[in-house]
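Residues per chain are reported as follows:
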Amino acid sequence: MYSEKVMDHFEHPRNVGEIEDASGVGTVGNPVCGDVMKMYLKIDENEVITDVKFKTFGCASAIATSSMATEMIKGKTVDEALELTNKAVAEALDGLPPVKMHCSVLAEEAVKAAIEDYRNKKLKEN
Amino acid sequence: MKVKYFDNAATTALDKDILDKMMPYFSEEYYNPSSIYTKSINVHKVVDESRLRIASCINANQNEIYFTSGGTESDNLALKGYALANRKKGNHIITSCIEHPAVINSCKALEKEGFEITYLSVDENGFIKLDELEKAIKDETILISIMTANNEIGTIEPIKEIGRIAHEHGIAFHTDAVQAIGAIKIDVEDMNIDMLSMSGHKFYGPKGIGAIYIRKGIKVNRINDGGHQENDKRSGTENVPGIVGIGYAILKACNNLEENSKRISELRDYYISEIEKRIPEVKLNGDRVNRLPGNANFSFKYIEGESIMLLLDSKGICVSTGSACSSKTLEPSYVLLSIGLPHEIAHGSIRVTIGKHNTKEEVDYLIDSVVEVVDKLRKMSPLYEEGK
Ligand SMILES: Cc1ncc(COP(=O)(O)O)c(C=O)c1O
Ligand SMILES: [Zn+2]
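Comments concerning helix H7 (residues 159-168) of chain B
All names here are of chain B. Of all the residues in H7, the buried ones are Ile-159, Ile-162, Gly-163, Ile-165 and Ala-166. Across the axial projection of H7, the buried residues extend over an arc of 160°, all falling on one side. On its buried side, H7 packs onto helix H6 (130-136), strand S5 (141-145) and strand S6 (172-176). Just downstream of H7, Gly-170 is the residue with a positive phi angle, here 65°.

See the structure below:
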């Protein structure tokens, strides 16, 4: 049902955890629907994402897409990260079963939510 | 890696000695039991001997047993066949909201045909409420169909009382005993059962063969038209090897019922108590006492069932889950929702069903693996930190 890449990221997820002094944190999803993703970003003064961590409640594809998304945005600028799509994450995982595509949407949304949080914080600071 | 199979409610391994009994009927004694030469008459006898074996296990008569392709077909025949044959008596049927889809979807099909169905709710342990059953009965009620034991949570319904209530009101009573046969003692007389469904592969018999008990005098229309086999209740050339297999399998299951059930329920109780001791914030689904010997269904808060199942799979363990993400509908198990679990708790459910081949060592490995996997997933869960 799942590709080897999905299983690899599910069984050995990268970047699990929290960032204490995160520049931005985004939580998306709903436990009622079975998937919640929380994304922590550390962003430097050049708007480069220097560290990413995540925590996910959800199925294998939710965990695998979280893991893959963190790898894909690490080292990118905030603007580049905003271009991340759920399709790109799914493709990087060699595809997801059609019924599971909704789980990958969360990864994209979590990144966007964390960046929005970062930008809101910056607005308040200035 | 030897697979540790803890999904015995899904199916069981065909016993080798049962397979040996079936083998001659594939390519040696292959004759059609409906023909009237000596070879066929012998095969016909073998088919009837199997009927007798089944009948003897549930205290029925041989001519009250009909072979089908499995539990699904038996349920369809009981519901649709009885409804259509007794339509002039009334159009109301009572069932429960935790029945197998074979029953629920047969009822849905009957609704389209103008029947009215009452789906009884269940309490937090999965029992139907007898007073609600009584209240649901009306003049038009012709059939009550309640499963003997639930496939997901293992709850054993008060079948005898349900049958008594049905008969007090002159209503026929069908029970889906697919999970119960071979696990708990069934007596159609004592339990007031008029129709009963069973499926061979749930008790170490072959797949694709089932049977239905239909009490003498109960009218059921056939649902597939054809060559009038099975006393015109179920047309089609008989699956003779399957029929031989299910007969020997049920006999073996019933002969060893007490011994197997005792050993299996001890393993189950051990699993349950260890999980409750070693993992905080778990919920056992179903009743603690009136439950199938092999069934242990837990919800693990803050994590999701498909993840648990797949991590166990990577350790060579087979279990099942009621999570939405493993279903095609993206809804968690309707049985778990029916016993009042919130969606997020239903998502984290894992059903373990222990069978006669499981050993204490395997259960120990299962327990250690569940503890490890739950811990790993909780450390990854954003809900766990919040819940604490
Ligand atoms: C309670 C119950 N009824 C009916 C069935 C259907 O049996 P089969 O798949 O053999 O047709 C099952 C099988 O899972 C079951 O558990
Ligand atoms: Zn999912």
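Some details on the domain arrangement of chain B
Reports of interface size often rely on the accessible area that becomes lost once the parts have come together. Residues and elements named next belong to chain B. Domains assigned within chain B are domain 1 (4-11 + 257-378) and domain 2 (18-255). Spacing between the C-alpha centres of domain 1 and domain 2 amounts to 28 Å. Together, the buried faces of domain 1 and domain 2 total about 2,400 Å²; carbon and sulfur atoms form 52% of this surface. The largest per-residue losses of area from domain 1 upon contact with domain 2 belong to Leu-257, Leu-292 and Tyr-334, which jointly make up 28% of the total buried on that side. Here domain 1 is connected to domain 2 by 0 salt bridges. Linking domain 1 to domain 2 there are 18 residue pairs in polar contact (both at pLDDT 80 or more). Contributing elements (two or more residues each) for the side of domain 1 that touches domain 2: helix H9 (257-278), strand S10 (295-300) and helix H11 (334-338). With 4 residues, the top contributor of residues to the side of domain 1 that touches domain 2 is H11. Here the side of domain 1 that touches domain 2 is built from residues that sort into 9 nonpolar, 12 polar and 4 charged.

Digging into the sheet that holds S6(B)
Residue and element names in this part refer to chain B. Here we have 7 strands laid out as an open sheet, ordered S2-S8-S7-S6-S5-S3-S4, and mixed in their pairing. This sheet does not close on itself; its edge strands, each paired only once, are strand S2 (65-68) and strand S4 (116-120). The average angle at which neighbouring strand axes cross in this sheet is 20°, direction not considered. The pairing of strand S3 (residues 92-96) with S4 spans 5 bridges and is classified as parallel. Bridge pairing in S4 places Ser-96 opposite Leu-120.

Looking at the packing of aromatic side chains
Residues and elements named next belong to chain B. Following the criterion strictly, the structure yields 4 aromatic pairs over all chains and no others. Taking 5.9 Å as the distance between ring centres and 40° as the angle between the ring planes, the aromatic pair formed by Phe-298 and Phe-300 counts as tilted. When its relative accessible area of 0% is taken as the criterion, Phe-298 is described as buried. One aromatic cluster in this structure is built from Tyr-271, Phe-298 and Phe-300.

Some words on the interface of chain B and chain A
Residue-level contacts link 23 residues of chain B with 27 residues of chain A. Roughly 1,900 Å² of surface becomes buried between chain B and chain A when both sides are summed, with 66% attributable to carbon and sulfur atoms. Linking chain B with chain A are 1 salt bridge, by the criterion used here. For the salt bridge of Lys100(A) with Glu306(B), the shortest nitrogen-to-oxygen distance reads 2.6 Å. At the boundary of chain B and chain A, one finds 10 residue pairs in polar contact (both at pLDDT 80 or more). Of all the secondary structure elements, the ones that give two or more residues to the side of chain B that touches chain A are helix H10 (305-313), helix H12 (343-346), helix H13 (360-380) and helix H14 (382-387) of chain B.

Conventions used here
Residues numbered from 1 in each chain as written. Chains lettered and ligands numbered in written order. Predicted model: local features only at pLDDT ≥ 70, side-chain atom pairs only at ≥ 80, totals over all residues. Heavy atoms only, no water. Buried < 20%, exposed > 50% of the residue type's maximum accessible area, 1.4 Å probe, protein only. Helix = DSSP H or I, 4+ residues; strand = E, 2+ residues; numbered from the N terminus. Arc of directions from axis to C-beta. Contact = heavy atoms within 4.5 Å. Domains from an automatic or database assignment. Buried area = accessible area lost by both parts, 1.4 Å probe. Salt bridge = Lys/Arg side-chain N within 4 Å of Asp/Glu carboxyl O. Polar contact = N/O pair within 3.5 Å; in protein donor to acceptor, adjacent residues only side chain to side chain. Nonpolar A, V, L, I, M, F, W, Y, C, P; charged D, E, K, R; others polar. Pairing = 2+ DSSP bridges. Axes fitted to C-alpha atoms, helices over the stretch in contact; angles between N-to-C directions. Phe/Tyr/Trp six-rings, centres within 6.5 Å; stacked < 30°, edge-to-face > 60°.

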